[in-house]
Number of protein chains: 4
Amino acid sequence: MQVREMISAHPDVQGSTADALLKFIEDAYDCAQTCTSCADACLAEDMVADLRQCIRLNLDCADICAAAGAMASRRTGSNEAVLAATIRACAEACQRCADDCQQHAEMHEHCRICAESCRRCAEACEQAISQVQ
Amino acid sequence: MQVREMISAHPDVQGSTADALLKFIEDAYDCAQTCTSCADACLAEDMVADLRQCIRLNLDCADICAAAGAMASRRTGSNEAVLAATIRACAEACQRCADDCQQHAEMHEHCRICAESCRRCAEACEQAISQVQ
Amino acid sequence: MQVREMISAHPDVQGSTADALLKFIEDAYDCAQTCTSCADACLAEDMVADLRQCIRLNLDCADICAAAGAMASRRTGSNEAVLAATIRACAEACQRCADDCQQHAEMHEHCRICAESCRRCAEACEQAISQVQ
Amino acid sequence: MQVREMISAHPDVQGSTADALLKFIEDAYDCAQTCTSCADACLAEDMVADLRQCIRLNLDCADICAAAGAMASRRTGSNEAVLAATIRACAEACQRCADDCQQHAEMHEHCRICAESCRRCAEACEQAISQVQ
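Residue positions are given per chain, counting from 1 as you read along its sequence in written order. As they are written, the chains are lettered A onward and the ligands numbered 1 onward, keeping that order. Where local features are concerned, this predicted model is filtered to residues with pLDDT of at least 70; where side-chain atom pairs are given and counted, the filter is 80 or more; whole-chain, interface and lining totals use all residues. As a rule here, side-chain values cover all heavy atoms of the structure and leave hydrogens and water aside.

With an unreviewed UniProt entry as reference, chain A is termed Four-helix bundle copper-binding protein, source organism Pseudosulfitobacter koreensis.

This part covers the interface of chain D and chain A. Here, two residues are considered to be in contact whenever any of their heavy atoms come within 4.5 Å of each other. Each partner contributes to the interface: chain D provides 36 residues, whereas chain A provides 36 residues. Surface buried jointly by chain D and chain A totals about 2900 Å² across both partners, of which 62% is contributed by carbon and sulfur atoms. The working definition used for a salt bridge is a side-chain nitrogen of Lys or Arg within 4 Å of a carboxyl oxygen of Asp or Glu. Linking chain D with chain A are 0 salt bridges, by the criterion used here. Pairs of N or O atoms are called polar contacts if they sit within 3.5 Å, as long as, within protein, a hydrogen donor faces a hydrogen acceptor (for residues adjacent in sequence, only side-chain-to-side-chain pairs). Run the count over chain D and chain A and you get 8 residue pairs in polar contact (both at pLDDT 80 or more). A run of DSSP states H or I qualifies as a helix once it reaches four residues; a run of E qualifies as a strand once it reaches two. Both are numbered from the N-terminal end. Every element with two or more residues in the side of chain D that touches chain A is listed here: helix 1 (3-8), helix 2 (19-44) and helix 5 (109-132) of chain D. The dominant element in the side of chain D that touches chain A, judged by the number of residues it contributes, is helix 2 of chain D, at 13 residues. In short, buried area is how much 1.4 Å probe accessible area vanishes from two parts on joining, totalled over both.

Listed as interface residues are 25 residues of chain D and, on the opposing side, 25 residues of chain C. Summed over both partners, the interface of chain D with chain C buries about 2300 Å², with 59% contributed by carbon and sulfur atoms. The largest contributions to the chain D side of the interface with chain C come from Arg 56, Arg 74 and Asn 79 of chain D, which together make up 27% of the buried area. Our count for the chain D to chain C interface comes out at 4 salt bridges. Measuring nitrogen to oxygen at the nearest pair gives 2.9 Å for the salt bridge that ties Arg 74 of chain D to Asp 63 of chain C. Linking chain D with chain C are 10 residue pairs in polar contact (both at pLDDT 80 or more). Secondary-structure elements contributing two or more residues to the side of chain D that touches chain C are helix 3 (52-72) and helix 4 (80-103) of chain D.

The next point concerns empty space enclosed by the protein. A 1.4 Å probe that fits but cannot get out identifies a cavity on a 1 Å grid over protein atoms alone, an open set with protein on both sides within 12 Å along at least five of seven lines counts as a pocket, and a residue lines either if it has an atom within 4 Å of a point. Grid points are joined across faces, edges and corners, and a volume is the space filled by probe spheres set on the points. All told, the structure shown has 4 cavities of 30 Å³ or more when counted by the stated rule. Roughly 1100 Å³ of internal volume is contained in the largest cavity. Lining the largest cavity we find 41 residues, and of these Asp 63 and Ala 66 of chain A, Ala 66 of chain B, Ala 66 of chain C together with Ala 66 of chain D sit closest to its centre. When contributions to the lining of the largest cavity are tallied by element, the ones reaching two or more residues are helix 2 (19-44) and helix 3 (52-72) of chain A, helix 2 (19-44) and helix 3 (52-72) of chain B, helix 2 (19-44) and helix 3 (52-72) of chain C together with helix 2 and helix 3 of chain D. Three residue categories are used. Nonpolar comprises Ala, Val, Leu, Ile, Met, Phe, Trp, Tyr, Cys and Pro, charged comprises Asp, Glu, Lys and Arg, and polar comprises the others, including Gly. By residue class, the composition of the lining of the largest cavity is 28 nonpolar, 5 polar and 8 charged.

Mapping one chain copy onto the other needs a rotation about an axis and a shift along that axis. Superposition record for chain D on chain C: RMSD 0.0 Å, screw rotation 180 degrees, translation along axis 0.0 Å. Such a turn and shift between the copies fits a two-fold axis. Taken as a fraction of all interface residues of chain D, those also at the interface in chain C reach 100%, which identifies the copy contact as same-surface. Superposition of the copies was done by least squares, using only C-alpha atoms of residues whose pLDDT is at least 70 in both.

The next thing to look at is the relation of the copies chain D and chain A. Superposition of chain D onto chain A requires a rotation of 180 degrees combined with a translation of 0.0 Å along the rotation axis, giving an RMSD of 0.0 Å. Residue by residue, 100% of the interface of chain D is reproduced at the interface of chain A, so both copies engage with the same surface.

Given below as structure tokens:
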């Protein structure tokens, strides 16, 4: 992604790229893709009936990551309270999804990778929230 | 929308449709469409330069409404903390967008309708949150 | 939804609301919600392993309906070729999803409703395409 | 992104990762972010009134890229005709958006980067379509 280049070129940014937010944007788009992919891979597993909760968490996490990533990409005007609340919801979603995926990490490689991606995004959320407020 | 019919037909629901959540789903999808439409109508106004903040709030509101509406549509397993945090972010977005659109309500009919749609969704958020937790 | 009111208030529309597109927008948002809901209800069924293909089609259909509904809501400038191609993809997705859901319509009420919603949206796509081009 | 790792771990893939599709997924998520960012940067420009068409194309392109990227991430069951039609719409959107952004590339760095990202994704679309069909 060219998140830094894009945000740096924004007329309102003037050098203040807010690095924690940049990292969050990348991690959020990554996590949206990974969770979408993990939900689908879980669906194809023989033991799909045991992975329902994991699929549910994956789909929810993908939705909020996509919304938060898009929202964090905007720098025109301001919407800090909304952005902070959205990243907080994203952090919660990533944490829950990471916890569930971790439980199947040894059995399913896609869950292991997804747990990692969710933890990374949850961490990026925490850093970004402190920058937004 | 056939939200009630769909949720009633869900194998895990068994009669407990959680009516405030049903209303929220409808209002969230409606608000996502209205905000997408209002952002675009603001963009076409002669005074677009004065409507930048409104467009920003509209786009953010559309994103979180779409994510929250999809998330609230799911009843498999459970993800209450994430759903509650997401609806809270949605309430915040709708409130801010309603406030800004209201300021241009007399001048722009699309902002008047959008303010109404956002207020309705913000109210539905409040009702839904108390049901989720 | 207040699709007609919103589009009528758009500065570039000037009375030409393009009714088939208005109907498509409503049907596309409805279908996005219904397919999201049906994917989740299928996931909760005892026979989830037999509904994998249906869930896949539901999720794909929800994604393209949401994108197409948002795109069709815009009237600033023009982007006809892209809109037409997107609605064509949406028609294809709705048709496939309707066909698959129809096969489980007698067993699962959510699939019956979803098949109906997809057929309605597929029909709205056809009407809208002839208006866009 | 960890697209290759995720798809390789999918139970139905068995070594056939369909490399052109993998590249498309990455480029589509990238392009969704870049177009979201470019729409917002254009909105903040002094000459926003001259960038309306560019913003419109950016928003449409972001929507279809996000939908297509998610859809292409799924490998459970099959949905080739829908995926192909969606990637075709994505190619069209990327091409139009690239052409418009290119016109402002010398004046606005964000448009230059976005034109590049759109061209890359349009090219990835062409490669992916030939693999899907």
